[in-house]
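# Observations on the model geometry
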Amino acid sequence: MNPEPKRMNDLFAEAKPALLELPSESLVQPRVSRERALQLTAVLRQEFAPLVPSLSEELGPARARRRKADFEALEPRALVFYAADLAVDVPWTSTQKERRAALARKVREHDELLSAWAVPLFRKNDEASAIVADILRGKGIRDDAEDTVRLVALFRKHWTAAKGQTPIKQSTLDEAEADATELLGLLDAGATSAKGSPRDLRQRAYTHWRSAYLEIYHLGRYLTRHDPAAIERFPAVAAERTAAPAERDAAQPERPAAQPERPAAQPERPAAQPERPAAQPERPAAQPERNATTPAAPPEKPARAASAPAETPIDDSIDPA
């Protein structure tokens, strides 16, 4: 999807005064590539367009006008972000771009490997699981690098529990951290927080687009809340790692398998043999002990999660930051 350069650059020039007025504390670091922003915008506009005529009835005149304005601003703001993102790319040399592309691929692989094993490994640790869940939300080159650094730190913090449970070794963590750190350094080379700089304008353009997108995204899901397909129809901005639920399901197959044994297998025996009521209760009492040890076995069989990285869709687009 290649936007028309003249229109895109004209919109960017027109939007600069409004972008510079955004409060600095409201700015959000870009989490998707410019190409992904255009794709998301096209899908959201297509799905929401049929709902526009009913906004006044659902929201009232004043709120309906504001949401219509957000809807109409979606595409122009996506194009402004596209142009602002391209502007950051301009100073890069061909050597820097080649190195960035190579590191981006390697860091994506590190991120996917560590994420796939972190899900089953830390599923019984509430604090670590919360960190993993937060890590799985983002997508993009910078996000991959930052996630890899966080995952390395998480594995090292819990290395006593992680050692020997997965194919991940200390050398794996060292290499992942080195590649991710180099990529972040390359992405931040020449970075400046000066207001109006290319990187500052890109962050402002992304924040501006994202605010309109979220308004329409949430409203679209609300208006179609009775539609089972609403989640697919109105995609979130960054929660696009569709392999995460599959990884969690694959990592815990023992739970649904173990549950039916407790209530289903035992209650029928006392009913079938009323002449021995006193002897039967002892069997259910012994059974939970066997079941209690069952969940301890799967962590020793990490092969179940090995296929998880293959399920994670890889975004080949190159996000400059």
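This section reports on the structure supplied with the text. Keep in mind the model is a prediction, meaning the values are calculated, not measured.

### Topic: the overall build of the protein chain
Secondary structure summary: the protein chain contains 17 helices and zero strands in total. By the burial criterion, 43% of the 321 residues in the protein chain qualify as buried. Across the protein chain, the fraction of contacts at a sequence separation of at least 24, relative to all contacts at a separation of at least 6, is 81%. Summing over all exposed atoms, the protein chain offers an accessible surface of approximately 16900 Å²; the carbon and sulfur share of this is 55%.

### Side note on the environment of W117
For W117, the location among the structural elements is in helix α5 (residues 94–121). Taking the C-alpha atoms as reference points, W117 and I168, 51 residues apart in sequence, are found 8.5 Å from one another.

### Details of the packing of α5 against helix α7 (residues 141–157)
At their nearest, the axes of α5 and α7 sit 9 Å apart, and the two run at 45° to each other. In terms of orientation, α5 lies oblique with respect to α7. Classified by chirality, the crossing of α7 by α5 is left-handed. In this structure, α5 contributes A104, V107, R108, H110, D111, L114, S115, W117, A118 and L121 to the contact, and α7 contributes I141, D144, A145, D147, T148, L151, V152 and F155. Considering only residue class, the contact of α5 with α7 consists of 11 nonpolar, three polar and four charged.

### Some points on the packing of aromatic side chains
Applying the stated criterion across every chain yields a total of seven aromatic pairs. Taking 6.5 Å as the distance between ring centres and 15° as the angle between the ring planes, the aromatic pair formed by F81 and W209 counts as stacked. A residue pair is termed long-range when its members are at least 10 positions apart, and F81 in helix α4 (residues 61–89) and W209 in helix α10 (residues 198–223) qualify at 128 residues. Assessed through its relative accessible area of 1%, F81 is described here as buried. With a relative accessible area of 0%, W209 lands in the buried category. In this structure an aromatic cluster arises from ring pairing among F81, Y206, W209, Y213 and Y217. The ring of F71 has R45 lying over it, and the distance from NZ or CZ to the ring centre is 5.1 Å. The ring of Y222 has R225 lying over it, and the distance from NZ or CZ to the ring centre is 4.1 Å.

Calculation rules
Residues numbered from 1 in each chain as written. Predicted model: local features only at pLDDT ≥ 70, side-chain atom pairs only at ≥ 80, totals over all residues. Heavy atoms only, no water. Helix = DSSP H or I, 4+ residues; strand = E, 2+ residues; numbered from the N terminus. Buried < 20%, exposed > 50% of the residue type's maximum accessible area, 1.4 Å probe, protein only. Contact = heavy atoms within 4.5 Å. Areas by Shrake-Rupley, 256 points an atom, 1.4 Å probe, with all protein chains shown as cover. Axes fitted to C-alpha atoms, helices over the stretch in contact; angles between N-to-C directions. Parallel < 35°, antiparallel > 145°, perpendicular 65-115°, else oblique. Left-handed = near helix turned anticlockwise from the far one by under 90°. Nonpolar A, V, L, I, M, F, W, Y, C, P; charged D, E, K, R; others polar. Phe/Tyr/Trp six-rings, centres within 6.5 Å; stacked < 30°, edge-to-face > 60°. Lys NZ or Arg CZ within 6 Å of the ring centre and 35° of its normal.

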